[in-house]
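Spelled out from the first residue to the last, the chains are:
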Amino acid sequence: MMEREKEARAYIEEKGGARAIHSLSELSERLKEENQRQNLVAKGSLDHIWVRHFADSAQLLDHVPRETKGPWLDLGSGAGFPGLVLAILRPEIEFVLIESRRLRVEWLERMSSELGLENCRIEGCRLEQVTTVEAGIISARAFAPLAKLLRLSARFSTDDTRWVLPKGRSAAHEVQELPGRESKMFHVEQSLTDREAGIVVGRGKVREKA
Ligand SMILES: C[S@@+](CC[C@H](N)C(=O)[O-])C[C@H]1O[C@@H](n2cnc3c(N)ncnc32)[C@H](O)[C@@H]1O
């Protein structure tokens, strides 16, 4: 279990090297400033950004085979978790961060530009309005209950789509509650940053109607 900021930094450095550490240090400073203007993340998490947001996002890479191709869709990116962190760590993958709230969209656009993330596009609208693309990977943290999340994003999935969905404490229960075929498509992996949380992981096409 990763509980200390120092451990989280080392874990991320192993994944993205000094370049990623530099970009994330900048993101951390900017997030602390911006959080005084808009409520991007819980105030109590600002002293633990490397564990609670950066490593929590980066760990999704442990569940996606290295050769998997994008585009990587991150639904309801908010402050940029996990999307911005992953775009920093995997510059060769095309990321699409979907977020509907205007101030958050502006923040994501600013950070993507300031961090020089040429692989990162922001869709500033509701997910329901995004043009259908075939996603290689779909992530979403704290976006919607699993069944609803799958219905809303089904049209982006193909037989090869990888799903990585941090789901907190309700992960196993939410998978069990899915219709039969889908409950078999997904399993739960233990989170490295919260001993009680799970990440719903799966592969394949989800039907738009269960
Ligand atoms: C609880 S926040 C989580 C943000 C981020 N993923 C995180 O974990 O820190 C959920 C985000 O999803 C966005 N959102 C909710 N419904 C949406 C929709 N239908 N389309 C696009 N964004 C949506 C909200 O504006 C909000 O920023």
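This write-up is about the structure you can find in this document.

Definitions and limits used
Residues numbered from 1 in each chain as written. Predicted model: local features only at pLDDT ≥ 70, side-chain atom pairs only at ≥ 80, totals over all residues. Heavy atoms only, no water. Helix = DSSP H or I, 4+ residues; strand = E, 2+ residues; numbered from the N terminus. Rg over C-alpha atoms; globule rule 2.2 N^0.38 Å. Salt bridge = Lys/Arg side-chain N within 4 Å of Asp/Glu carboxyl O. Buried < 20%, exposed > 50% of the residue type's maximum accessible area, 1.4 Å probe, protein only. Axes fitted to C-alpha atoms, helices over the stretch in contact; angles between N-to-C directions. Parallel < 35°, antiparallel > 145°, perpendicular 65-115°, else oblique. Left-handed = near helix turned anticlockwise from the far one by under 90°. Nonpolar A, V, L, I, M, F, W, Y, C, P; charged D, E, K, R; others polar. Arc of directions from axis to C-beta.

**Re the overall build of the chain**
Here comes step 1: Along the chain, the regular secondary structure elements total 7 helices and 7 strands.
Here comes step 2: For the chain, the N- to C-terminal ordering of α and β elements is α-α-β-α-β-α-β-β-α-β-α-α-β-β.
Here comes step 3: The C-alpha radius of gyration computed for the chain amounts to 16 Å, which stays within 12% of the reference 17 Å derived for 210 residues, consistent with globular compactness.
Here comes step 4: Dimensions along the principal axes, computed over C-alpha positions, put the chain at roughly 45 × 35 × 30 Å.

**Side note on the pattern of salt bridges**
Once their charged atoms are close, side chains differing in charge can pair, the charge on each being opposite to the other.
Here comes step 1: With the rule as written, the count across this model stands at 16 salt bridges.
Here comes step 2: Between R30 and E33 there is a salt bridge, with the nearest N and O atoms lying 3.2 Å from each other. Of this pair, R30 and E33 both sit in helix 1 (residues 5-34), 3 residues apart, which is roughly one turn of the helix.
Here comes step 3: By relative accessible area, R30 is classed as buried at 15%.

**A word on unusual backbone geometry**
Here comes step 1: Here the amide bond leading from G70 into P71 is cis, since omega sits at -5 degrees, within 30 degrees of zero.
Here comes step 2: Here P71 lies in the loop between helix 2 (49-58) and strand 1 (72-75).
Here comes step 3: Omega for the bond connecting F81 with P82 falls within 30 degrees of zero, at 5 degrees, which places this linkage in the cis form.
Here comes step 4: Structurally, P82 is set in the loop between strand 1 and helix 3 (83-89).
Here comes step 5: Here the phi dihedral of A142 falls at roughly 50 degrees; this positive angle occurs in a residue that is not glycine.
Here comes step 6: Looking at where A142 falls in the secondary structure, it is placed in the loop between strand 4 (137-139) and helix 5 (146-153).
Here comes step 7: The exposed category is assigned to A142, whose relative accessible area is 74%.

**Let's talk about the packing of helix 1 against helix 2**
Here comes step 1: For the pair helix 1 and helix 2, interaxial distance at closest approach is 10 Å and the crossing angle is 120 degrees. For the element pair helix 1 / helix 2, the angle class is oblique. At the point where helix 1 passes helix 2, the crossing takes the right-handed sense.
Here comes step 2: The class makeup of the residues in the contact of helix 1 with helix 2 is 13 nonpolar, 2 polar and 4 charged.

**Notes on helix 5**
Here comes step 1: Within helix 5, burial applies to L146, L149, L150 and S153. Along the axis of helix 5, the buried residues cluster in a sector spanning 95 degrees; they form a single face.

Purely spatial values, then, with no claim about function.
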